[in-house]
Amino acid sequence: MPSGVSSTTAPHVVVAGAGPVGCVAAAVLAGADVRVTLIEASPSPPRELRASTFHPATLEMLRPYGVVDEMIARGLVARHFAYRDRHVGVVARFDLDELRDITNYPFRLQCEQFKLCEILLEKFVSNPLIDVRFSSAIEAVEQRSEGAAAVLTNGETIEADAVIGADGASSAVRKSLGCTFDGMTYADRYLVVSTPYELSDHMPDLSYVNYVSDPDEWMVLLRTVDLWRALFPVSDDETDGQALSDESAERRLQGVVAKPTAYEVAHRAIYRVHQRVADRFRVGRAVLVGDAAHVNNPLGGMGMNGGVHDAVLLAGGLAGLLHGTVTDQQFDGYAALRRQLALDFVQRHTHENAVTLATPDASIRAEALEQMIERAANVDTAYDYLLQASMIKAVWAMETELRAIDAYPFG
């Protein structure tokens, strides 16, 4: 990429959304000498307790931006992840340290996504190529003969060379481009309850990441630096208000570890879960990344990670397009590849986890869990599964394209 481009002559891209994906896209663009206007609807950086797992492949892709060491310092290194039976205990455990010869980060990093945003936004303050605007939102994108314009909800129009939509599952950018968002919505809603109570003192061999099967109420238990996060299904016979009540949180947590006093609950949230992918990730000089482009169930922690992978390839490819080092046809290929990988890797893996834990058919669930046990027991199949679950395979599938923009993180 060209170097030394001034902030007045550099190509200009508007990025909608200052979540982790939008912030990474801004960092990638600025690192490639592209001027960025980063638009965020919230009045301040969002601090939602949403995604909290960074996979090895994602950490490798973030390394050039000088954020990983601080993320590790602010997070929790999780070497193992486990599948458990609620009554039996551990039935399959996978050790990411088996990947130590491939990656510098043979672990999952449990670090809330807002911490990555905070680290990057702090860096942006001193970067003359990045202008961050809070309390602003894009209403529509208009194509230009040599670029695109972002029309804000306040009526302002920002002319640019391109627009990146990282504005979430309800993306105004995606809607204004006329992209469909086909897929499915799971019958169950998911309830997340976070507590500082140390569950590992009472559950033998508890890993920092646990997928727990049960015929009545499956769950996921994740450790962050300060809290245990427990995810439960919510059926149709329970309202949102009932599921979010103190009684609901207490009943569910007591079912994890019974104790004589009430649980302290630090956070709770309920949401519907979808598997959807936009029909296109690129329309002219507008690009979709992250939840604006694809959403999936959180079992496996691949949604936000996949969005970061979108940002690295598509923002990097867009920078190349604007500088003339990537052709229009090549960039079309990048967008098509990211869409296919969202289908082939992220959607398939997360849905497989949903089947293993949550399908209502007990025989299918039992068969899926048995397959997971067999997979973990065999060295070769366990290693192959680690490559998939770590998202290293997904990055390998982009090697040619990432090398073309000097962003391939392995070798």
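An account of the accompanying structure is given in this report. (Residues numbered from 1 in each chain as written. Predicted model: local features only at pLDDT ≥ 70, side-chain atom pairs only at ≥ 80, totals over all residues. Heavy atoms only, no water.)

1. Here's the deal with the overall build of the protein
Helix and strand counts for the protein come out as 13 helices and 20 strands. The globule rule puts the C-alpha radius of gyration for 411 residues at 22 Å, and the 21 Å found for the protein is close to it. Referenced to the eigenvectors of the C-alpha coordinate spread, the extents of the protein come out at roughly 65 × 45 × 40 Å. Within the protein, the fraction of its 411 residues that count as buried is 55%. Contacts in the protein between residues far apart in sequence, at least 24 positions, make up 72% of those at least 6 positions apart. Summed over its atoms, the accessible surface of the protein is roughly 16,400 Å², and 49% of this surface lies on carbon and sulfur atoms. Averaging the locations of the 36 positively and 55 negatively charged side chains of the protein gives two centres separated by 1 Å. (Helix = DSSP H or I, 4+ residues; strand = E, 2+ residues; numbered from the N terminus. Rg over C-alpha atoms; globule rule 2.2 N^0.38 Å. Buried < 20%, exposed > 50% of the residue type's maximum accessible area, 1.4 Å probe, protein only. Contact = heavy atoms within 4.5 Å. Areas by Shrake-Rupley, 256 points an atom, 1.4 Å probe, with all protein chains shown as cover. Lys, Arg positive; Asp, Glu negative; His and termini not counted. Charge placed at Lys NZ, Arg CZ, Asp CG, Glu CD.)

2. Side note on unusual backbone geometry
In most cases, non-glycine residues show a negative phi, while peptide bonds are predominantly trans. Even without being a glycine, M391 presents a positive backbone phi close to 70°. Among the secondary structure elements, M391 is positioned in the loop between α11 (379-389) and α12 (392-396). One non-glycine residue, D406, lies in positive phi territory at about 60°. Structurally, the position occupied by D406 is in the segment after α13 (399-404). The class for D406 is exposed, based on a relative accessible area of 72%.

3. Considering the sheet that holds strand β14 (residues 209-213)
Across a sheet, strands are paired by hydrogen bonds formed along the backbone, either parallel or antiparallel in direction. Taken together, eight strands build an open sheet; the order of strands is β6-β5-β14-β15-β16-β13-β17-β20 and the sheet is mixed. Of all the strands in the sheet, the pair left with one neighbour each is β6 (89-95) and β20 (294-295). For strand β5 (residues 80-85) and β14, the ladder comprises four bridges, and the chain directions are parallel. Paired with R84 across the two strands is V212, which belongs to β14. Against the sheet, helix α10 (residues 362-377) makes contact with β5, β6 and β14, and its axis sits at roughly 45° relative to β6, the strand it touches most. (Pairing = 2+ DSSP bridges. Axes fitted to C-alpha atoms, helices over the stretch in contact; angles between N-to-C directions.)

4. What about the packing of aromatic side chains?
All told, the structure shown has eleven aromatic pairs when counted by the stated rule. For the pair Y105 and F107, a centre-to-centre distance of 6.2 Å together with 80° between the ring planes defines the contact as edge-to-face. Grouping aromatic residues by their ring pairs yields a cluster made of F81, Y83, F94, Y211 and Y385. For K259, the ring lying beneath its charged end belongs to Y263, and the centroid distance is 4.7 Å. (Phe/Tyr/Trp six-rings, centres within 6.5 Å; stacked < 30°, edge-to-face > 60°. Lys NZ or Arg CZ within 6 Å of the ring centre and 35° of its normal.)

5. Considerations on the pattern of salt bridges
Side-chain pairing between opposite charges can occur once the charged atoms of the two side chains come close. Applying the stated criterion across every chain yields a total of 24 salt bridges. When the shortest N-O distance is used, the salt bridge between R252 and E238 registers 2.9 Å. With a gap of 14 residues between them, R252 in helix α7 (residues 246-256) and E238 in the loop between β16 (228-234) and α6 (240-243) connect regions that are remote in the sequence. Across the pair, E238 and R252 agree in class, each one buried. (Salt bridge = Lys/Arg side-chain N within 4 Å of Asp/Glu carboxyl O.)

6. Section: the sheet that holds strand β4 (residues 76-78)
The strand order across the open sheet formed by three strands is β3-β7-β4, and the pairing between neighbours is antiparallel. Since the sheet does not close on itself, it has two edges, and those belong to β3 (53-54) and β4, each with one partner.

7. Brief notes about the packing of helix α1 (residues 20-31) against helix α4 (residues 113-124)
Running from N to C, α1 and α4 point in directions that differ by 30°, and their axes come no closer than 9 Å. Of the two elements, α1 crosses α4, and the hand of that crossing is left-handed. Two secondary-structure elements touch here, α1 through P20, C23, V24, A26 and A27 and α4 through Q113, L116, C117, L120, L121 and F124. Class assignment for the residues of the contact of α1 with α4 results in ten nonpolar, one polar and no charged. (Left-handed = near helix turned anticlockwise from the far one by under 90°. Nonpolar A, V, L, I, M, F, W, Y, C, P; charged D, E, K, R; others polar.)

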